[in-house]
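Structure at a glance
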Amino acid sequence: MTPRLHLDAPLEEGANLSLGEGQAHYVRNVLRRVVGDDLKMFNARDGEFAAVVSRADRKAVEILLGARLRPPAPESDLWLLFAPVKRDAVDRIVEKATELGVARLMPIETERTQAHRLNIDRLGAIATEAAEQSGRLSAPKVDELVPLARALENWPPPRRLIYCDEQGDDALADWGGDTGRAPPLLSAIRSLKPPHAVLIGPEGGFSPAERARLRALPFVCPVSLGPRILRADTAAIAALALVQAALGDWR
Ligand code: SAH
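Cut-offs used in this document
- Residues numbered from 1 in each chain as written.
- Predicted model: local features only at pLDDT ≥ 70, side-chain atom pairs only at ≥ 80, totals over all residues.
- Heavy atoms only, no water.
- Helix = DSSP H or I, 4+ residues; strand = E, 2+ residues; numbered from the N terminus.
- Buried < 20%, exposed > 50% of the residue type's maximum accessible area, 1.4 Å probe, protein only.
- Contact = heavy atoms within 4.5 Å.
- Areas by Shrake-Rupley, 256 points an atom, 1.4 Å probe, with all protein chains shown as cover.
- Lys, Arg positive; Asp, Glu negative; His and termini not counted.
- Charge placed at Lys NZ, Arg CZ, Asp CG, Glu CD.
- Near = heavy atom within 4 Å.
- Polar contact = N/O pair within 3.5 Å; in protein donor to acceptor, adjacent residues only side chain to side chain.
- Nonpolar A, V, L, I, M, F, W, Y, C, P; charged D, E, K, R; others polar.
- Core = buried A, V, L, I, M, F, W, Y, C linked by side-chain atoms within 4.5 Å.

1. Let's talk about the overall build of the protein chain
Across its full length, the protein chain carries seven helices and twelve strands. Projecting the C-alpha coordinates of the protein chain onto the three principal axes gives extents of approximately 65 × 35 × 30 Å. By the burial criterion, 46% of the 251 residues in the protein chain qualify as buried. Considering only residue pairs separated by 6 or more positions, the protein chain has 72% of its internal contacts joining residues 24 or more positions apart. As displayed, the protein chain has an accessible area near 12,900 Å², and 52% of this comes from carbon and sulfur atoms. A gap of 1 Å separates the mean positions of the 33 positive and 34 negative side-chain charges of the protein chain.

Okay, here's the thing in structure tokens:
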């Protein structure tokens, strides 16, 4: 399969583009492309183009764009809010969410968030690579880490927030006991109008105060992902797959 490269610069037939350092290294040393080799270049604004390597030496890698293969087209508009967990789990969340069509990745700081620092550029690079491999035209945007409270204060009202909530209401029982559990995801979201966002908590879950706040908000729809406690990365993948299948672009 011809490798696809995402490039923010304007793309048009006949343009000869010089790649930045990171992509030049990738093309030359990882993909091992030489002059005359085929590539595809894409972005959400201009679509996807046939391309050929026109220069590949120590100083620069240049790409000559050929015909447009795909015009720009609207894509899935699903957001994912997640609390940063361990680094490899965060990497997995970013990669899998991109494959599953997430348009915007929003890391949020919660009371029990363990990681308080995130390398957004690195996560952006993971998302871009996943977009290249999965045939998307867009690479999702990765936001800076913001506190949950701020994300909720600034929430755009029409967007429904599908809150993955594994807990019950009993403060003394494991996982909050059986009462007050959220309904299963598929039945809870059946009549939710787009656009949507999915919210996944940290390894330690949301605090009782955060849970109460979330459940009181009109745009929040609490959902259960079944009787087992999933790791945050598993929960993100499971919830996104179900939302795409029931309401999104898998239909
Ligand atoms: N409460 C836990 C586990 C948190 S799991 C603890 O104290 O350790 C991490 C996140 O994954 C949760 O915040 C929730 O958003 C999601 N999650 C995991 N299992 C879930 C389930 N069965 N139903 C709904 N959400 C779930």
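2. Quick look at the site of the ligand
Taken together, 18 residues surround the ligand, and among them Cys164, Glu166, Glu203, Leu225 and Arg228 come closest. Glu203 places a main-chain nitrogen or oxygen 2.8 Å from an oxygen atom of the ligand. Gly226 places a polar main-chain atom, nitrogen or oxygen, 3.0 Å from a nitrogen atom of the ligand. Expressed as a share of its isolated accessible area of 560 Å², the protein-covered part of the ligand is 90%. Among the residues forming the shell around the ligand, the class breakdown is nine nonpolar, five polar and four charged.

3. Some remarks on the nonpolar core
Ranked by internal contacts, the top residues of the largest apolar core, which has 34 residues, are Leu80, Leu105, Ile189 and Val198. Those residues in contact with Val198, other than ones at most four positions away along the chain, are Leu78, Trp79, Leu80, Leu81, Leu161, Ile162, Cys164, Ala239, Leu240 and Val243. Formed by 17 residues, the second largest nonpolar core is a distinct cluster that contains Leu148, Leu152, Ala197 and Leu199.

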